[in-house]
Amino acid sequence: MTEEDTLAERVEDWMVGQMPIIQMHGGTSVVREADPDAGRVVVELGGTCSGCGISDVTAQNIKRDLILDFDDVDDVVVKVPSTGEVGESTVEGGRGGDLQFSTENADHL
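1. What to know about the pairing of strand β2 (residues 40–47)
- By the criterion of burial, β2 is predominantly enclosed, with six of the eight residues buried.
- Strand direction decides the pairing type here: strand β1 (residues 27–35) and β2, joined by eight bridges, are antiparallel. Bridged to D35 within β2 is R40.
- Connecting the antiparallel pair β1 and β2 is a turn made up of four residues, with G39 showing a positive phi of about 70°.
- Both β2 and strand β3 (residues 75–79) contribute to a ladder of five bridges, which runs parallel.

2. Description of the sheet that holds β3
- Reading across the sheet, the three strands line up as β1-β2-β3 and stay open at both edges, with mixed pairing between neighbours. Each edge of the sheet is formed by a strand with only one pairing partner; in this case those strands are β1 and β3. Each neighbouring strand pair of the sheet contributes to a mean axis angle of 20°, computed without reference to strand direction.
- Across the sheet, helix α3 (residues 55–69) is in contact with β2 and β3; its angle to β3 comes to roughly 155°.

3. Let's talk about the confidence of the model for the chain
- Of the residues in the chain, 70% have a pLDDT of 70 or more, and the chain-wide mean is 75.
- Within the chain, β3 carries the highest mean pLDDT (94), whereas strand β4 (residues 85–86) carries the lowest (30).
- Low pLDDT, under 50, characterises residues 83–109; the predicted model gives this stretch 61 contacts beyond four residues in sequence or across chains.

4. Describing the pattern of salt bridges
- A full pass over the atoms with the stated rule returns five salt bridges.
- Salt-bridge contacts for E33 lead to R40; the nearest nitrogen and oxygen are separated by 3.3 Å.
- Overall, the relative accessible area of 28% leaves E33 in the partly exposed class.
- Take R40: its relative accessible area is 28%, and that puts it in the partly exposed class.
- D75 is paired through a salt bridge with R40; the nearest N and O atoms lie 3.0 Å apart. Of the two residues, D75 is situated in strand β3 and R40 in strand β2; the sequence distance between them amounts to 35 residues.
- In this structure D75 comes out as partly exposed when scored by relative accessible area, which is 30%.

5. Considerations on the nonpolar core
- Among the nonpolar cores identified, the biggest contains 20 residues, and V11, M15, V41, L45, I62 and L66 are the most heavily contacted of them.
- Take this core: its biggest share by element is four residues, from helix α1 (residues 3–18).

Cut-offs used in this document
Residues numbered from 1 in each chain as written. Predicted model: local features only at pLDDT ≥ 70, side-chain atom pairs only at ≥ 80, totals over all residues. Heavy atoms only, no water. Buried < 20%, exposed > 50% of the residue type's maximum accessible area, 1.4 Å probe, protein only. Helix = DSSP H or I, 4+ residues; strand = E, 2+ residues; numbered from the N terminus. Pairing = 2+ DSSP bridges. Axes fitted to C-alpha atoms, helices over the stretch in contact; angles between N-to-C directions. Contact = heavy atoms within 4.5 Å. pLDDT = per-residue confidence, 0-100. Salt bridge = Lys/Arg side-chain N within 4 Å of Asp/Glu carboxyl O. Core = buried A, V, L, I, M, F, W, Y, C linked by side-chain atoms within 4.5 Å.

Here's what the structure looks like:
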């Protein structure tokens, strides 16, 4: 197990424990990147988070809390699928297929 895998697993566990409301509302999340050397984590939200009116608030909360809760994390990007241009991506966690992405906000895919 590499150090990067360890950080990714820790963030995944944190997401499950700290953000159960995402799953309760039909949303999903996946850690796309966890680089302990750079202190960077990239999380992608999916499922019903796509197009949800409060997904930006959820994304901001995730960013803030990951930085506060992990000493080795100081840069967090949360990508949120939204309506708009069609992107070319296959998503893990049972959310596969093409997603639509908005370009209106830098935090969106």
